[in-house]
Amino acid sequence: MNDKTILIFDDDVNILEVCSIVLEACGYNVAVSETSHDIIEKVIEIKPDVILMDNWIPDIGGVKATQLLKQHPDFGHLPVIYVSANNDIHLLAETAGADAYLAKPFDLSDLENVVAQMLLKR
């Protein structure tokens, strides 16, 4: 069993459920949040190894939430996978400072692979 924790920020409960099921089946611990304004508090509480960040998550949005995390002296090293259905997801991920991105809709194997890749970089 894996001792790694994935924190998912997304306001779509269906995405949260599917991603949780898939990642838990891979042996990860999974925590979820439907808002992003308290990202630092969530990271302090959950201590994730990887974060999945949705672009359109309330209240401050994925770009701002990722920037807050990446600018924090204690958490800037945490890998963030940016997730969006936007056509310009690569630009959004770059603006946010994310380490990788996953375009919605995505294959579940792509989700598993990108999470595994981010964990290898830690």
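Keep in mind that this is a model prediction, so the values were computed, not measured.

Conventions we followed
- Residues numbered from 1 in each chain as written.
- Predicted model: local features only at pLDDT ≥ 70, side-chain atom pairs only at ≥ 80, totals over all residues.
- Heavy atoms only, no water.
- UniProt positions renumbered as here; feature names shortened; annotations may be inferred.
- Contact = heavy atoms within 4.5 Å.
- Core = buried A, V, L, I, M, F, W, Y, C linked by side-chain atoms within 4.5 Å.
- Buried < 20%, exposed > 50% of the residue type's maximum accessible area, 1.4 Å probe, protein only.
- Helix = DSSP H or I, 4+ residues; strand = E, 2+ residues; numbered from the N terminus.

1. Considering the UniProt feature "modified residue: 4-aspartylphosphate" (unreviewed entry) in the protein
The positions that UniProt labels "modified residue: 4-aspartylphosphate" (unreviewed entry) are, in the present scheme, Asp54. In this view, aspartate 54 contacts Phe9, Asp10, Asp11, Gly62, Tyr82, Val83 and Lys104; residues no more than four positions away in its chain are not counted.

2. Some points on the nonpolar core
Among the nonpolar cores identified, the biggest contains 21 residues, and Phe9, Ile39, Val43, Ile51, Met53, Leu69 and Tyr82 are the most heavily contacted of them. Every element with two or more residues in this core is listed here: strand 1 (5-9), helix 2 (39-46), strand 3 (50-54), helix 3 (62-71), strand 4 (80-84) and helix 4 (89-96). In terms of residue count, the dominant contributor to this core is helix 4 (four residues). Apart from residues no more than four positions distant in its own chain, isoleucine 39 is found in contact with Phe9, Met53, Ala65, Leu68 and Leu69. Counting 20 residues, the second-largest nonpolar core is a separate cluster that includes Leu16, Leu23, Tyr28 and Val30.

3. Quick notes on the UniProt feature "domain: Response regulatory" (unreviewed entry) in the protein
UniProt feature "domain: Response regulatory" (unreviewed entry): in the numbering of this structure it lies at residues 5-119. Annotation note: span residues 5-119, helix share 44%, strand share 21%, distance between end C-alpha atoms 10 Å.

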